[in-house]
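# A look at the structure
Each chain, letter by letter, is given below.
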Amino acid sequence: MGGISPRVTNNIKASFDIGEIHREALDSNIINIVGEIIPSMQYTVSYYLLNMIGEELDKIAKKNFDELEPIKIYINSPGGDFYTSFAIAGIIESSTIPIYTYVTGDCASGAAYILMAGHKRYCFEISQIMLHSVQTGSFGTAAEMVEDIQGRVKPLEATIVKHLQRHTDLTKDEIKFILTHDKYFTAFQAKKSGIVDDMIVPAFKNREQLKNILDKKKKKPVAKKKKTSKKQQKKG
């Protein structure tokens, strides 16, 4: 099952007031999209996202520009429902408040289309992104199934092509390949293809470097003693 957690875990104590939980979530300006994207997720994501956008717009109306903060969406999802994914992407695209998207691990199918809609897109070095076309099922007579593909699937593919052209540097041949195959991108490849704007690299190259960084933080600067002049010593 998929889930969305605006900095609120699933282990919420019953003693919490639900209004308090929503308040904390909205104040954080952070949304986590985790697991499969299912239709019911659209309501939850939309609720938090639109409220966060509204709160930032209120700050602009009140001229509290110093308090403005971007909204951040962290994604670790294998994808899921096409319409839900593009509904969320549509809200992001229409927002005048900056919305940044981050891949923390896996980002495939519909999740990748949400990622690409971000005003700034980031991924961690270990991230993997997968793009592909619509996957669907159909039943009925041969003629009915052909009609279903022509009438329903082809327009969805056109939406994907438009989205990829708008948000990436992929060539026509690469987009054509994606419409018939699963295409995987490493973090480096995703940045090169314009799927993300930047890659978040580890703060240290190895454990030894990490140890040195932590050791420097532990060492506190020793306060220097003031030197007393000979005149001050005589007075004392």
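Let us look at the structure shown here. (Residues numbered from 1 in each chain as written. Predicted model: local features only at pLDDT ≥ 70, side-chain atom pairs only at ≥ 80, totals over all residues. Heavy atoms only, no water.)

### Side note on the overall build of the protein chain
When its secondary structure is counted, the protein chain shows nine helices and eight strands. Pairs at least 24 residues apart make up 69% of the contacts formed inside the protein chain by residues separated by at least 6 positions. Counting every atom, the protein chain has about 15300 Å² of accessible surface; 55% of that belongs to carbon and sulfur. (Helix = DSSP H or I, 4+ residues; strand = E, 2+ residues; numbered from the N terminus. Contact = heavy atoms within 4.5 Å. Areas by Shrake-Rupley, 256 points an atom, 1.4 Å probe, with all protein chains shown as cover.)

### Let's talk about a nonpolar patch on the surface
Together, Leu57, Ile60, Phe65 and Leu68 give the surface a local cluster of nonpolar side chains, amounting to about 330 Å² of exposed area. Secondary-structure assignment places Leu68 in the loop between α2 (39–61) and β3 (71–77). (Patch = residues over 30% accessible without salt bridge, like charges linked within 9 Å, V, L, I, M, F, W, Y side chains within 5 Å. Salt bridge = Lys/Arg side-chain N within 4 Å of Asp/Glu carboxyl O.)

### Here's the deal with unusual backbone geometry
Phi at Lys63 is positive, roughly 60 degrees, even though this residue is not glycine. Tracing the backbone shows Lys63 in the loop between α2 and β3. The exposed category is assigned to Lys63, whose relative accessible area is 64%. One non-glycine residue, Ser109, lies in the positive phi region at around 55 degrees. Its place among the elements puts Ser109 in the loop between β4 (99–108) and α4 (110–117). (Buried < 20%, exposed > 50% of the residue type's maximum accessible area, 1.4 Å probe, protein only.)

### Quick notes on the packing of helix α3 (residues 82–94) against α4
The geometry of α3 relative to α4 is characterised by a closest axis approach of 8 Å and an angle of 5 degrees between their N-to-C directions. Overall, the two elements α3 and α4 adopt an arrangement that is roughly parallel. Within the contact between the two elements, α3 uses Ser85, Phe86, Ile88, Ala89, Ile92 and Glu93 and α4 uses Gly110, Ala111, Tyr113, Ile114 and Ala117. Looking at the contact of α3 with α4 residue by residue, the classes come out as eight nonpolar, two polar and one charged. (Axes fitted to C-alpha atoms, helices over the stretch in contact; angles between N-to-C directions. Parallel < 35°, antiparallel > 145°, perpendicular 65-115°, else oblique. Nonpolar A, V, L, I, M, F, W, Y, C, P; charged D, E, K, R; others polar.)

### A word on the state of the cysteines
Covalent bonding between the sulfur atoms of two cysteines is what defines a disulfide. Counted by the stated rule, this structure contains zero disulfides. Of all cysteine sulfurs, the one in Cys123 lies closest to Cys107, which takes part in no disulfide; the gap is 9.2 Å. Among the residues examined, Cys107 registers a relative accessible area of 0% and is labelled buried. Among the residues examined, Cys123 registers a relative accessible area of 0% and is labelled buried. (Disulfide = S-S within 2.5 Å.)

### Comments concerning the nonpolar core
Counting 47 residues, the largest nonpolar core has Leu49, Ile129, Leu131, Leu164 and Ile195 as its most contacted members. It is α4 that contributes the most residues to this core, seven residues altogether. Among all residues touching Ile195, those that are not within four sequence positions of it are Leu115, Met116, Arg121, Ile129, Leu131, Thr168, Phe185 and Ala190. (Core = buried A, V, L, I, M, F, W, Y, C linked by side-chain atoms within 4.5 Å.)

### A look at the pattern of salt bridges
Within this structure, the stated rule accounts for five salt bridges. Between Lys59 and Glu56 there is a salt bridge, with the nearest N and O atoms lying 3.0 Å from each other. Highlighted residues: Lys59 and Glu56, both in helix α2, separated by three residues, approximately one helical turn. Each member of the pair, Lys59 as well as Glu56, carries the same accessibility label: buried. One salt bridge in this structure joins Lys191 and Asp198, with 3.4 Å as the shortest N-O distance.

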